[in-house]
Amino acid sequence: MDKIIIKGGKKLSGEVEISGSKNSSLPILFASLLTDEPCEIKNVPSLADVDTTINFLNFIGKKTIKTGNTVNTFVSKKYKHVAPYDLVRKMRASVLVMGTLLARLKRVDVSLPGGCSIGARPINIHLEAFRKMQVKISVDEGYVKLSADKRLKGANIKLHFASVGATENILLAAVLAEGKTVINNAACEPEIVDLSNFLNKMGAKISGSGSKRIVVIGVKKLSGTSHEVIPDRIEAATYIISAAITKGEIVLKNAAAVHIKTVIEKLKKSGLLIKEMKNSIYVKWVKNLKPQNIKTAVYPGFPTDVQAQWMALQCLLKGSAVIEENVFENRFMHVLELQRLGANLTIDGKKVYVKGVNKLSGAPVMVSDLRAGAALVLAGLAADEKTTISRIYHLDRGYDMLEKKLRKLGADIKRVHA
Ligand code: EPZ
């Protein structure tokens, strides 16, 4: 299995290109199932999860090809209605196939997604919403079987938690449903807005995306379209923190600062110099940063997907910080690995207490999930000596050309095929 080896201590400097958003690309790719006409989706990152989704679409019956960062989908033959375990277990976002196939076929059997290392990740919110749209649901032999006797009916839905995936799944089902659907307490993430923009270009009638209340008027048919995916805000936040933790100076190109305001404000408060331009972000370490407490929350709160990277930075700041994780029930897998590098961290329920240390020392560490992996890379960039990171296939799911981009910024980082 491949490993990443980092020799820490190099200040990062230069320019980094931010890729298209993973968490926007995946639902948009699934949304292409809603039309038989060709779609063109640009600025799609080269990631394992994108490849998994493309394989999934081809398996279902939607011919899909990626050339560079552009994905083209073509006229489909008859869709399969089953999403097998070996596809769903690889990527939780596979559950988004439910909304699309219910809309197109009025039936879908999806293998239960299973947990992952950041929690059980149930789909009860998705299923409660589909029931309201007159979908019958049963669980049999590890599969969730959903079906409707006729065209789905729009419904008034209230999410007890502003789930991103559930909001996306409901949108994918509602755009072709009969009548009006209202989603109350909807997720407001930029990825929801990007998906809605794509669907509206296809002829859907969605309003209110980006707010807590989204209204969809169902239509009979959707057409093909062309769309450019928004930049990846979590990748951008990760690179900004890479400049902070190595005391460097970098420019992020094709980055949308507006999507990570909460992270940028916290870093400015910490003492990092950040200048936001229209499509780029300038970052410079100018003085010792002050630790900052965070509490993760749904958008526009501090993103849970930046919590691990934030923790890596706080480990090396003089003073202490409290990090509270409120979105996932088990998103502290990176704590044990950061401790192996010398971090002073104490877990207490959903909080981690960080006491800054003067230095981190390189060591062999293991990635448990995508963003935990990002935290270990960031810590390795700042640690003395050598850090060897294994199970980096988690990183390949969400970071496009990670080592290449970091090497270009001056990091001493390489991938070895063990
Ligand atoms: C999306 O996951 C993202 N993934 C995650 O990013 C991100 O961390 C998460 O949203 C929160 O922002 C993609 O977009 C592909 P949720 P999703 O449904 O949709 C609970 C990354 O690193 N919940 O908003 O799965 C759930 O257990 C990934 O790029 C239910 O209880 O997140 C979790 O505790 C990691 N029942 C919380 O809600 C449900 O039916 C948030 O989940 C659904 C969710």
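Now for a quick tour of the structure. (Residues numbered from 1 in each chain as written. Predicted model: local features only at pLDDT ≥ 70, side-chain atom pairs only at ≥ 80, totals over all residues. Heavy atoms only, no water.)

Enumeration over the complete set of coordinates arrives at two aromatic pairs. A centroid spacing of 5.5 Å and a plane angle of 85 degrees characterise the contact between phenylalanine 30 and phenylalanine 56, whose relative ring orientation is edge-to-face. Here the residue phenylalanine 30 occupies a position in helix α1 (residues 22-31), and phenylalanine 56 occupies one in helix α2 (residues 48-60), the gap between them amounting to 26 residues. One exposure class covers both phenylalanine 30 and phenylalanine 56, and it is buried. Ring geometry for phenylalanine 302 and tryptophan 310: centres 5.3 Å apart, planes at 75 degrees, overall edge-to-face. If you follow lysine 63 out to its NZ or CZ, it ends over the ring of phenylalanine 74, 4.3 Å from the centre. A cation over an aromatic ring shows up here: lysine 80 above the ring of phenylalanine 59, its NZ or CZ 4.5 Å from the ring centre. (Phe/Tyr/Trp six-rings, centres within 6.5 Å; stacked < 30°, edge-to-face > 60°. Helix = DSSP H or I, 4+ residues; strand = E, 2+ residues; numbered from the N terminus. Buried < 20%, exposed > 50% of the residue type's maximum accessible area, 1.4 Å probe, protein only. Lys NZ or Arg CZ within 6 Å of the ring centre and 35° of its normal.)

So, about the site of the ligand. Of all residues adjacent to the ligand, which total 22 residues, the nearest are Arg92, Asn124, Ser163, Asp305 and Val327. Taking lysine 22, its side chain carries an N or O atom lying 2.9 Å from an oxygen atom of the ligand. Side-chain polar atom of aspartate 305 to an oxygen atom of the ligand: 2.6 Å apart, as the coordinates give it. In isolation the ligand offers 830 Å² of accessible surface; the protein chains occlude 88% of this area. The set of elements that each furnish at least two residues to the shell around the ligand consists of α1, α5 (124-132), α6 (164-174) and α12 (370-382). Looking at the shell around the ligand, the element that brings in the most residues is α5, giving three residues. Along the lines of polarity and charge, the residues of the shell around the ligand split into 10 nonpolar, six polar and six charged. Looking at which domains feed residues into the shell around the ligand, each of domain 1 (2-19 + 231-417) and domain 2 (22-228) gives three or more. (Near = heavy atom within 4 Å. Polar contact = N/O pair within 3.5 Å; in protein donor to acceptor, adjacent residues only side chain to side chain. Areas by Shrake-Rupley, 256 points an atom, 1.4 Å probe, with all protein chains shown as cover. Nonpolar A, V, L, I, M, F, W, Y, C, P; charged D, E, K, R; others polar. Domains from an automatic or database assignment.)

What follows is about the pairing of strand β9 (residues 143-147). Going residue by residue along β9, you find Val144 and Leu146 tucked away on one face and Tyr143, Lys145 and Ser147 left uncovered on the opposite face. Where strand β7 (residues 107-111) meets β9, five bridges bridge the pair, whose relative direction is antiparallel. Residue pairing in the sheet places serine 111 in a bridge with tyrosine 143 of β9. Note that strand β8 (residues 136-140) and β9 share five bridges and pair antiparallel. Paired with aspartate 140 across the strands is tyrosine 143, a residue of β9. In this antiparallel pair of consecutive strands, β8 and β9, the connection spans two residues, and glutamate 141 shows a positive phi of 50 degrees. (Pairing = 2+ DSSP bridges.)

Turning our eyes to something else, we now look at the environment of glutamine 134. In this structure, glutamine 134 sits in the loop between α5 and β8. The exposure class assigned to glutamine 134 is partly exposed, which follows from its relative accessible area of 49%. What glutamine 134 contacts, discounting residues up to four positions off in sequence, is Ser147, Ala148 and Lys153. (Contact = heavy atoms within 4.5 Å.)

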